Amino acid sequence: YGGMGLDFSYNIAVAEELGNIRCGGIPMAIGVQAGMATPALTRFGSHELKKQFLVPTIAGDFVACLGVSEPGAGSDVASIKTTAVRKGDEYVINGGKMWITSGSQADWMCLLANTTEGPPHKNKSLICLPMNLPGIHVAKKIDKLGMRSSDTAQIFFEDVRVPCKNLIGEEGKGFTYQMLQFQEERLWGVATALTPMETIIQETIEYTRQRKVFGQPVLHNQTVHFRLAELATEVELLRSLLHRAVALYVKGNDVTKFASMAKLKAGRLTREVTDSCLQFWGGMGFTSEVLVSRFYRDLRLMSIGGGSDETMLSIICKYMDAFPRK
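Residues numbered from 1 in each chain as written. Predicted model: local features only at pLDDT ≥ 70, side-chain atom pairs only at ≥ 80, totals over all residues. Heavy atoms only, no water.

1. Some thoughts on the domain arrangement of the chain
Logical step 1: Assigned domains within the chain: domain 1 (37-171) and domain 2 (176-320).
Logical step 2: Relative to domain 2, the C-alpha centre of domain 1 lies at a distance of 30 Å.
Logical step 3: Broken down residue by residue, the surface that domain 1 buries against domain 2 is led by R43, S75 and M147, which jointly contribute 33%.
Logical step 4: If you look at where domain 1 meets domain 2, you find 1 salt bridge.
Logical step 5: Here E184 makes a salt bridge to R43, at a shortest N to O gap of 3.9 Å.
Logical step 6: The interface formed by domain 1 and domain 2 holds 7 residue pairs in polar contact (both at pLDDT 80 or more) in total.
Logical step 7: Those elements giving two or more residues to the side of domain 1 that touches domain 2 turn out to be α3 (39-44) and β4 (108-114).
Logical step 8: Sorting elements by how many residues they give to the side of domain 1 that touches domain 2 places α3 first, with 4 residues.
Logical step 9: Grouping the amino acids of the side of domain 1 that touches domain 2 by side-chain chemistry returns 13 nonpolar, 5 polar and 3 charged. (Domains from an automatic or database assignment. Buried area = accessible area lost by both parts, 1.4 Å probe. Salt bridge = Lys/Arg side-chain N within 4 Å of Asp/Glu carboxyl O. Polar contact = N/O pair within 3.5 Å; in protein donor to acceptor, adjacent residues only side chain to side chain. Helix = DSSP H or I, 4+ residues; strand = E, 2+ residues; numbered from the N terminus. Nonpolar A, V, L, I, M, F, W, Y, C, P; charged D, E, K, R; others polar.)

Structure below.
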């Protein structure tokens, strides 16, 4: 369908390289296109759907977005309220989505909606939704703490009609499909954070080597250079976990536990690295002129977007059989 037919490890190689971009918003937008809004379509969509939506998305002619989160349902995907009711050969969609990356400019949305009244894990479906249909209202572009170059929208649906043939895979399998998409999304997110953390550590070494306090470079203080060594070690450990998870995933394994562990660690480590390094920059670190302050804001999303730290912990506990049973 216009791609190179390479395995998922190449996505991760690209994601690590995109970390060289000196902001978080651009790698995230590309990630939505390549690893968040399209995996389910690629794996389960009909040939006709792939021709209509996947081909122009891969070519870069279409911008894709993922419609999962809502004002009352972010990490708790099962609680979404948006409905797609089948009427004849169409779905009629009502509800709304929140925090939609690329939502203001998207040509189509991979929409998760309730298509039946059944149990919350079996009543959802994924639908390819063209964003130019009547009844779709992009309410606002959200003003955010970080990722400020990224277009993040709130969107409402009022009696939006879409052909039933736009259903991805089987009706009622949307929750399962989305959980599979989350594996790739979380691994991509981890990969895009590695290079920025390395860059921040290296720039902090260079800055603290030339910045003098009390007659000596800041870097010469053992508490500074030891801390930077600790952080660099943590980044390498995270890289090893990521690469292990990706290798298993390419072989067809369920890596939900490892992807969740990597995502959890990435969210916490990005906060640790940016906070520690910003401190060593002193007053300069509190300005908007330096990269460390930008990534301090941008990478804070890592612990929230794509499933919060707390959601990752719950998933890990379930795989350890340590989660309280109902």
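2. Side note on the side chain of T311
Logical step 1: Relative to the helices and strands, T311 resides in helix α9 (residues 309-319).
Logical step 2: Residue classification places T311 among the buried positions, given a relative accessible area of 19%.
Logical step 3: Of note is the side chain of T311, whose polar atom sits 3.5 Å from the side chain of S75. (Buried < 20%, exposed > 50% of the residue type's maximum accessible area, 1.4 Å probe, protein only.)

3. Remarks on the packing of aromatic side chains
How two aromatic rings sit relative to each other is given by the distance of their centres and the angle of their planes.
Logical step 1: What the rule picks out here adds up to 4 aromatic pairs.
Logical step 2: On the numbers, 5.2 Å between centres and 75 degrees between planes, the contact of F8 with Y249 is edge-to-face. Within this pair, whereas F8 is found in helix α1 (residues 8-18), its partner Y249 is found in helix α6 (residues 222-250), the two being separated by 241 residues in sequence. For the pair F8 and Y249, one class covers both residues: buried. (Phe/Tyr/Trp six-rings, centres within 6.5 Å; stacked < 30°, edge-to-face > 60°.)

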